[in-house]
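This is what each chain is made of:
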Amino acid sequence: MEVSSPQTLIFPLKIDSIPSGPSILKPPNRLSFRHNVSLTVSLSVGTPPQNVTMVLDTGSELSWLNCMTKPAPTSLYFDPLRSSSYSPIPCSSPVCRTQTRDFTNPVSCDSKSLCHATLSYADASSVEGNLAADTFRMDGGSALPGLVFGCMDSGSSSNPEEDSKTTGLIGMNRGSLSFVTQLGFPKFSYCISGRDSSGVLLFGEASFSWLRPLNYTPLVQISSPLPYFDRVAYTVQLEGIRVSDKVLALPKSVYVPDHTGAGQTMVDSGTQFTFLLGPVYSALRDEFVRQTKGVLRVLDDPNFVFQGAMGLCYRVEMTRPILPPLPTVTLMFQGAEMGVSSERLLYRVPGMVVGNDSVYCFTFGNSDLLGIEAYVIGHHHQQNVWMEFDLAKLRVGLADARCDLASQRLGVRT
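Basis of the calculations
- Residues numbered from 1 in each chain as written.
- Predicted model: local features only at pLDDT ≥ 70, side-chain atom pairs only at ≥ 80, totals over all residues.
- Heavy atoms only, no water.
- Helix = DSSP H or I, 4+ residues; strand = E, 2+ residues; numbered from the N terminus.
- Expected span 1.5 Å × (residues − 1).
- Buried < 20%, exposed > 50% of the residue type's maximum accessible area, 1.4 Å probe, protein only.
- Pairing = 2+ DSSP bridges.
- Salt bridge = Lys/Arg side-chain N within 4 Å of Asp/Glu carboxyl O.
- Core = buried A, V, L, I, M, F, W, Y, C linked by side-chain atoms within 4.5 Å.
- Contact = heavy atoms within 4.5 Å.
- Polar contact = N/O pair within 3.5 Å; in protein donor to acceptor, adjacent residues only side chain to side chain.
- Axes fitted to C-alpha atoms, helices over the stretch in contact; angles between N-to-C directions.
- Disulfide = S-S within 2.5 Å.

Asker: I tried to follow unusual backbone geometry on my own but got confused; where do I start?
Answerer: Glycine aside, residues mostly have negative phi, and peptide bonds are mostly found in the trans state. Cis geometry marks the peptide bond from Thr-47 to Pro-48; its omega dihedral reads -5°. By secondary structure assignment, the location of Pro-48 is in the loop between β3 (38-45) and β4 (50-57). Phi at Ser-113 is positive, roughly 60°, even though this residue is not glycine. Counting through the fold element by element, Ser-113 comes out in the loop between β7 (108-109) and β8 (115-120). Positive phi values are uncommon outside glycine, yet Asn-384 reaches one of about 55°. You can see Asn-384 is positioned in the loop between β27 (374-377) and β28 (385-390).

Asker: Explain helix α4 (residues 278-291) to me, please; I cannot follow it from the model alone.
Answerer: Each turn of an α-helix holds 3.6 residues, which means side chains three or four residues apart point in the same direction. In a regular helix each residue adds 1.5 Å, so 14 residues correspond to 20 Å; α4 covers 20 Å between its end C-alpha atoms and thus fits that length. Of the residues making up α4, those classed as buried are Gly-278, Val-280, Tyr-281, Leu-284, Glu-287 and Phe-288.

Asker: Looking at this structure, how should I read the sheet that holds strand β21 (residues 313-317)?
Answerer: Across a sheet, paired strands are connected by hydrogen bonds in the backbone, their directions being either parallel or antiparallel. If you trace the four strands from one edge of the open sheet to the other, you get β20-β21-β25-β24, paired in antiparallel fashion. If you trace the sheet from one side to the other, it starts and ends with β20 (297-298) and β24 (346-354), each paired once. Bridging between β21 and strand β25 (residues 357-362) involves five bridges; their strand directions are antiparallel. In the strand pairing of β25, Val-316 is matched with Ser-358.

Asker: Where do I start with the pairing of strand β16 (residues 238-243) in this structure?
Answerer: Each regular strand carries side chains that alternate between the two faces of the sheet. Judged by how many residues are buried, β16 sits mostly within the fold: five of six residues are covered. With five bridges joining them, β16 and strand β22 (residues 329-333) adopt antiparallel strand pairing. Looking across to β22, one finds that Arg-242 is bridged to Thr-330. Pairing of β16 with strand β17 (residues 246-247), which is carried by two bridges, proceeds in the antiparallel orientation. Opposite Val-243, over in β17, you have Lys-246 as the bridge partner. The turn linking β16 back onto β17 is made up of two residues, and Ser-244 within it adopts a positive phi angle of 60°.

Asker: Looking at this model, I keep getting lost on the pattern of salt bridges. Mind explaining?
Answerer: Pairs may arise between side chains of opposite charge once their charged atoms sit close together. As enumerated under the stated definition, the model contains eleven salt bridges in all. Note that Asp-390 and Lys-187 form a salt bridge whose closest N and O atoms lie 3.8 Å from each other. Highlighted residues: Asp-390 in strand β28 and Lys-187 in strand β12 (residues 187-192), separated in sequence by 203 residues. Each of the two residues, Asp-390 as well as Lys-187, counts as buried. With its nearest N and O atoms 2.6 Å apart, the salt bridge here joins Asp-357 to Arg-297. Here Asp-357 is found in strand β25, whereas its partner Arg-297 is found in strand β20, with 60 residues between them in sequence. A residue is classified by how much of its surface remains accessible, and Asp-357, at 5% relative accessible area, is buried. A relative accessible area of 39% means that Arg-297 is categorised as partly exposed. Connected through shared salt-bridge partners, Lys-187, Glu-205, Glu-388, Asp-390 and Arg-395 make up one network.

Asker: Sorry if this is basic, but what is going on with the nonpolar core here?
Answerer: Most often, soluble globular proteins have nonpolar side chains that are buried together. Core analysis: the largest hydrophobic core is formed by 73 residues, its most contacted members being Phe-179, Phe-188, Leu-201 and Phe-203. Not counting the four nearest positions on each side in its chain, Leu-201 is found in contact with Leu-9, Ile-10, Phe-11, Leu-13, Val-41, Leu-56, Met-172, Phe-188, Ser-189 and Tyr-190. Counting 18 residues, the second largest nonpolar core, distinct from the first, contains Met-266, Val-349, Cys-361 and Ala-374.

Asker: Quick question: what am I supposed to make of the side chain of Asn-173 here?
Answerer: Relative to the helices and strands, Asn-173 is located in the loop between β11 (168-171) and α3 (179-183). Reaching out from Asn-173, the side chain makes a polar contact with the backbone nitrogen of Gly-175 at a distance of 2.8 Å. Among all residues touching Asn-173, those that are not within four sequence positions of it are Asp-57, Thr-58, Gly-59, Ser-60, Glu-61, Ser-178, Val-180, Thr-181, Val-232 and Tyr-234.

Asker: What exactly am I supposed to notice about the sheet that holds β22 here?
Answerer: Read from one edge of the open sheet, four strands run β17-β16-β22-β23, paired in antiparallel fashion. Each of the sheet's edge strands pairs with one partner strand only, and the pair in question is β17 and β23 (336-340). Lying on the sheet, α4 is in contact with β16, β17 and β22; it crosses β16 at an angle near 20°.

Asker: Mind showing me how you'd approach the state of the cysteines here?
Answerer: Linking two cysteines covalently via their sulfur atoms produces the bond known as a disulfide. A complete count under the given rule lists five disulfides for this structure. Disulfide pairing is shown between Cys-67 and Cys-151; the S-S distance is 2.0 Å. The S-S bond linking Cys-67 to Cys-151 shows a torsion near -110°; that makes this disulfide left-handed. Of the two residues, Cys-67 is situated in the loop between β5 (64-66) and β6 (87-88) and Cys-151 in strand β10 (residues 143-156); the sequence distance between them amounts to 84 residues. Linked covalently through their sulfurs, Cys-91 and Cys-109 form a disulfide whose S-S length is 1.9 Å. Looking along the S-S bond of the Cys-91-Cys-109 disulfide, the torsion reads about 120°, which is the right-handed sense. In this pair, Cys-91 sits in the loop between β6 and α1 (94-98) while Cys-109 sits in strand β7, placing the two residues 18 residues apart along the sequence. Classification of Cys-91 by relative accessible area gives buried; the value is 16%. Among the residues examined, Cys-109 registers a relative accessible area of 47% and is labelled partly exposed. Look at the protein chain and number its bonded cysteines as they come in the sequence; the links are 1-6, 2-4, 3-5, 7-10, 8-9.

Written out as structure tokens, the structure reads:
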């Protein structure tokens, strides 16, 4: 960690080829699949410090650590018994009574009168345990005492072998118990390199001469709770999608949440790819196929759907060193745009070969096939974009950036 001013914390992000588990919780407006690449942060927790690796997730509130009392031999975990600064939170605490109001499942009281939380995921896995407070340190830097997190000591996983590769998750949404809210920073930023599996995470003001001016899009606010609207997510207003210079011929109303709150657009670092509601996905797929006809060869296998929701895939000769020129797909937000181009549009399916061809899939998927009612902007499409989350001014800022150079300029060791 580097402290560049009293108001700023900077430390490295890693892009790891591990699933973080389904980061998004169970209601129908949340994501439900396991992705293969996660953004991870290395910290230490407790006294004396224990090293942990945590998935960075702007789609979750409660940070949590694996505190299994009988962990698998290879798993990473935090042992609260070895920490003199560990403090479980009782049910009577205001933290338990009032600050958990945005949790998907209500907290309960266990037999020792401690505050107990359960996080259920849509692939039927879950974690549960007690809320607690302890001291967090980032990359050997200054201590951050008394941060509240979940010390999860039981649960069921659909993929325990992969889940053992991280110690937990850092919740970064706008809820009162999220990591960034507890630290008290008005904003944070990250920049993910598409080149070398590195990135940078910055808490506080990012005023650097080499950073382009950011374009801002306001967060969507609702006054009264709706059943399918996540009020503490980073929800922005998608207004249209352009392929090359052609805007999809869809009414703007398809991008607006309905009367139940379904159909919000969330910026989520805990999800790898981007997912669109069915009618929008279909229109984008058809236009992309039309504009790449004669350039790319569609995989003609109606039974193959990558990761359960990505049905447009292509055959690319293994001898081909780079992908052919592709039309840019631009997500049009109120006040800002996010362009997705070249290799970020297609993802090679690991280990899959058809004849002498590799298989590449279009990196936009169909939310309907995942059983969610939302648009989700994943971290794959945030590569080489400086992403700023401004909690004070309720907006998200973005600008194209060379994130590998940003890490170097900020002196971050990955």
